[in-house]
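A look at the structure
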Amino acid sequence: MLDSYDLLPAVREFAQREHLLLIDGEWVPASDGGQIDVIDPASGGVLTKVAAATADDVDRAVEAAARARHGKWGKLSASRRAKLLWAIADLIDQHADELAQLESLDTGKPILEARWGDIAGAAAEFRYFAGWCTKWTGEVLPISSGEFLTYTRREPVGVVGAITAWNFPMLLAVWKIAPALATGNTIVLKPSEVTPLTCLRLGELIQDAGVPDGVVNIVPGYGHIAGAAIANHPKVNKISFTGSKRTGRQLMIAAAEDFKRITLELGGKSPNIVFADADIQAAVRGAMAGIFFNQGEVCAAGSRLFVERSRFDELVDGIVGGAEKLKARQGAGVDPATKIGPLVSKEHMDRVLGYIEKGRSEGAELLTGGGVNADAGSGFFVEPTVFVGKDELTIAREEIFGPVLTVLPFDDLDEVAERANRTTYGLAAGIWTSDLRRALKLAHRLEAGTVWINSYNMFDASSPWGGFKQSGIGREKGRYALEAYTEVKSVWVNLEESDA
Ligand code: NAD
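This section reports on the structure supplied with the text. Positions within a chain are numbered from 1, following the residues in the order the chain's sequence is written. Reporting in this predicted model follows two pLDDT cut-offs: at least 70 for local features of residues, and 80 or more for side-chain atom pairs to be given and counted; totals over whole chains, interfaces and linings ignore these cut-offs and use all residues. Excluding hydrogens and water, the side-chain values take into account all heavy atoms of the structure.

Section: the overall build of the chain
Worth spelling out the cut-off: Think of it this way: any DSSP run of H or I at least four residues long counts as a helix, any run of E at least two long counts as a strand, and we number them from the N terminus. Burial classes follow relative accessibility: with a 1.4 Å probe on protein chains only, a residue under 20% of its type's maximum area counts as buried, one over 50% as exposed, and anything between as partly exposed. Only heavy atoms enter the contact rule, under which two residues are in contact if any of them lie within 4.5 Å. Only the protein chains shown count as cover for residues, and the accessible areas themselves come from Shrake-Rupley with a 1.4 Å probe. Only four residue types enter the charge count: Lys and Arg as positive, Asp and Glu as negative, with His and the chain ends excluded. Charge coordinates come from a single atom per side chain, which is NZ of Lys, CZ of Arg, CG of Asp or CD of Glu.
Across its full length, the chain carries 17 helices and 20 strands. Dimensions of the chain along its principal axes, counting C-alpha atoms only, are 85 × 60 × 40 Å. Split into buried and exposed, the 500 residues of the chain put 59% on the buried side. For the chain, contacts bridging at least 24 residues in sequence account for 74% of all contacts bridging at least 6. As displayed, the chain has an accessible area near 20000 Å², and 52% of this comes from carbon and sulfur atoms. A distance of 2 Å separates the average location of the 53 positive side-chain charges in the chain from that of its 66 negative side-chain charges.

Looking at the site of the ligand
Formally: If even one non-hydrogen atom of a residue comes within 4 Å of a molecule or strand, that residue is called near it. Contacts described as polar in this section are N or O atom pairs within 3.5 Å, which, within protein, must combine one atom able to donate a hydrogen with one able to accept it, while residues neighboring in sequence count only if both atoms come from side chains. Asp, Glu, Lys and Arg are counted as charged, while Ala, Val, Leu, Ile, Met, Phe, Trp, Tyr, Cys and Pro are counted as nonpolar; the rest, among them Gly, fall into the polar class.
Taken together, 28 residues surround the ligand, and among them Thr 164, Glu 193, Ser 244, Thr 247 and Glu 399 come closest. Glu 265 has a polar side-chain atom sitting 3.5 Å from a nitrogen atom of the ligand. Here Leu 266 contributes a backbone N or O atom positioned 2.7 Å from a nitrogen atom of the ligand. Notes on the ligand: free accessible area 850 Å², of which the protein chains cover 89%. Secondary-structure elements contributing two or more residues to the shell around the ligand are α9 (223–232), β10 (238–242) and α10 (245–258). For the shell around the ligand, the per-class residue count stands at 13 nonpolar, 11 polar and 4 charged.

Re the pairing of strand β12 (residues 271–274)
Keep this limit in mind: When DSSP finds two or more bridges between two strands, those strands count as paired. Call a crossover right-handed when, viewed with both strands pointing away from you, the route from the first strand across the helix to the second goes clockwise.
What you see with β12 is no split at all: Pro 271 and Ile 273 on one side and Asn 272 and Val 274 on the other are buried throughout. Bridge analysis of β12 against strand β13 (residues 304–308) gives 4 bridges, and the strand direction is parallel. From the neighbouring strand, Pro 271 faces β13, where its bridge partner is Arg 304. Where the polypeptide runs from β12 across helix α11 (residues 280–292) and back to β13, its parallel neighbour, the crossover connection is right-handed. As defined by bridge partners, β12 adjoins strand β17 (residues 428–432) across 3 bridges and the pair is classed as parallel. If you follow Ile 273 over to β17, its bridge partner there is Ile 431.

Notes on α9
Listed as buried for α9 are Ala 226, Gly 227, Ala 229, Ile 230 and Ala 231. Buried positions along α9 lie against α2 (55–70), β7 (159–163), β8 (186–190), β10 and α10.

Looking at the pattern of salt bridges
The cut-off we apply is this: Salt-bridge detection follows one rule: a side-chain nitrogen of Lys or Arg within 4 Å of a carboxyl oxygen of Asp or Glu.
Enumeration over the complete set of coordinates arrives at 33 salt bridges. The residue Arg 201 makes a salt bridge to Glu 98 at a minimum N-O spacing of 2.5 Å. Of the two residues, Arg 201 is situated in helix α8 (residues 197–209) and Glu 98 in helix α5 (residues 96–107); the sequence distance between them amounts to 103 residues. Assigned by exposure class, Arg 201 and Glu 98 land together as buried. A salt bridge links Glu 155 to Arg 153; the nearest nitrogen and oxygen atoms lie 2.7 Å apart. Given the relative accessible area of 18%, Glu 155 is considered buried. The class of Arg 153 is partly exposed, set by a relative accessible area of 42%. Here the salt bridges do not stand alone but share partners, grouping Glu 13, Arg 17, Glu 98, Arg 201 and Glu 204 into one network.

A few points about the side chain of Ser 270
Within the element layout of this structure, Ser 270 appears in the loop between β11 (261–265) and β12. A relative accessible area of 1% means that Ser 270 is categorised as buried. Not counting residues up to four positions away in its chain, the partners in contact with Ser 270 are Ala 300, Ala 301, Gly 302, Ser 303, Arg 304, Leu 427, Ala 428 and Tyr 456.

Here we look at the pairing of β11
One face of the sheet, then the other: side chains in a regular strand alternate in exactly this way. Within β11, 4 of the 5 residues are buried, which leaves it mostly tucked inside the rest of the structure. In terms of strand pairing, β10 meets β11 through 5 bridges, oriented parallel. The partner of Ser 240 across the bridge, within β11, is Thr 263. A crossover links β10 with its parallel partner β11, the connecting element being α10, and its sense is right-handed.

Some words on a nonpolar patch on the surface
Which entries qualify depends on this criterion: To count toward a patch, a residue needs a relative accessible area over 30% and no salt bridge; like charges are then connected within 9 Å, while nonpolar side chains (Val, Leu, Ile, Met, Phe, Trp, Tyr) are connected within 5 Å.
A cluster of nonpolar side chains, namely Val 140, Leu 149, Val 493 and Leu 495, defines an oily patch on the protein surface of about 320 Å² accessible area. Structurally, Val 140 is set in strand β5 (residues 140–141).

Overview of the sheet that holds strand β15 (residues 385–388)
This is how the line gets drawn: For helices, the fitted line uses only the C-alpha atoms of the stretch in contact; every axis is such a line through C-alpha atoms, and the angle between N-to-C directions lies from 0 to 180 degrees.
On the basis of which strands lie adjacent, the open sheet formed by 7 strands has the order β14-β15-β16-β13-β12-β17-β18 and mixed pairing. At either margin of the open sheet sits one strand with a lone partner, and together these are β14 (365–368) and β18 (450–453). Within this sheet the neighbouring strands show an average axis-to-axis angle of 25°, counted without direction. In this sheet, β18 lies alongside β17 in parallel orientation, the contact comprising 4 bridges. By the bridge assignment for β18, Ala 429 is matched with Val 451. Where helix α13 (residues 346–361) meets the sheet, it contacts β14, β15 and β16 (404–410), and its direction lies at approximately 30° from that of β15. Together, β12, β17 and β18 form the strand contacts of helix α16 (residues 436–445), whose direction differs from that of β18 by roughly 165°.

Topic: unusual backbone geometry
One can expect most non-glycine residues to show negative phi and most peptide bonds to be in trans. You will see that Asp 24, though not glycine, has its phi angle at about 55°, which is positive. With respect to the secondary-structure elements, Asp 24 resides in the loop between β1 (21–23) and β2 (26–28). Residue classification places Asp 24 among the partly exposed positions, given a relative accessible area of 30%. The phi torsion at Lys 477 lies on the positive side, around 70°, for a residue other than glycine. Within the fold, Lys 477 resides in the loop between β19 (472–473) and α17 (478–484).

Description of the nonpolar core
Definition in use: Residues enter a nonpolar core if they are buried and are Ala, Val, Leu, Ile, Met, Phe, Trp, Tyr or Cys, with the set joined through side-chain atoms within 4.5 Å.
Grouped together as the largest cluster of nonpolar side chains are 110 residues, with contacts concentrated most on Ile 92, Phe 126 and Ile 177. Among the elements that line this core, the one with the most residues is helix α7 (residues 169–182), at 11 residues. Apart from residues no more than four positions distant in its own chain, Ile 92 is found in contact with Leu 99, Ile 119, Ala 122, Ala 123, Phe 126, Met 170, Leu 202 and Leu 205. Ranked by size, the runner-up nonpolar core spans 28 residues in total, among them Ala 53, Ile 163, Ile 239 and Leu 266.

Pasting the structure below:
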């Protein structure tokens, strides 16, 4: 099956090799020999098999991480940790084309998006957090009574259990690994069982960079087995999760048992709002990128497009035309001509098609798309789909996580602010207007962790990421991430002379 793709030899070899678990610096099979098929979403065929970690495997990984925390790693200076993080970034850059092909093959995403979004983003993240290693400090406190030197230290939280989703497999893992290592923690990572390949290759690169054994352990496996074992392990001090609300809720319950620290990056139903005075060409491009980037498999997808009524038809025509052009360029992600790939799995495709059917049956007007694109290949291709709908429809309320847009007309700022916030989610939002005063007024009213003005889907290692309301708890990226991976300790030193 891989013969039809133009792949680097290293990618061809890696994608067909059977993969193991990384525990305490060794690559080992699952304790019960269990494996999971890795599927090529563009063809539906099996690429290879990966070991499926058991609870015993997770236990060994956590024990290794707990030991490593107090071993050589725990004694490294901050500047030596910085050097290691920088070395990982350099290795990612050196292998960027290979990693991008692997990511594209495993997820289906277009190769250019993988290369310049996922992989370049991962290297940038390691460099950003390498800088923080030597700059994340405590403070000396002005105590009000008595003579004391009182200061705070930022200490690692301990063993971090990281559990991640399938849509940006390596990048989401790096959003956790980089700040966790920068602050001196050790990690047990369980990548999604659907797309484990780049995280396993990253494990090799982390070893090549010289990170001590046991500091980063990688245990692909099923959520209800390996993921649950991480969540329930008494020596895991913090859970860092990216995925669905349903799993996030289960993890919070598990974390409550022994009060594990927890951060959750969950879903969204983000509003993208276009005012009549916007640069309409730019807004069309922004709306398209907002919903069709990464096949719409983006937590921040701008899946509710609010358009001021006077420019509604013009904007909708632009998007429908764009969606149809995109459909003509739908294909396998590793083909450089591809602009939009397949969905990640048959199960997910059926889920997205179910939402499209619901849109139809609840009375939304289908403008383009709405089905499988069989011309794109035998894999899980769903056409870029545009509906005109109403706020109360299922497609305008629930996260679809696919290339399905609902366009909604509005008349004024107060109205659109209220409707945009009428959701249980609060991850991101977009605003398109040439009136900066209006943009800022609205940006401050929107209940969302990130607001993009005259842009969409912009990310940077320095800019915090996370959700209001049911889109999550805590922030990743930027200096805010460092807080999530450290405990604050106050140290009091009595400076008063004893009378005796
Ligand atoms: P998911 O919740 O099904 O799975 C996520 C991870 O959790 C996987 O590794 C899975 O194996 C594991 N898991 C599943 N059940 C588990 C359990 N009982 N205990 C422990 N671990 C378990 O989510 P998904 O389908 O992989 O990802 C899609 C979701 O992720 C969407 O809702 C999307 O919005 C969200 N997401 C959010 C962000 C963000 O930054 N906010 C980024 C990407 C994806």
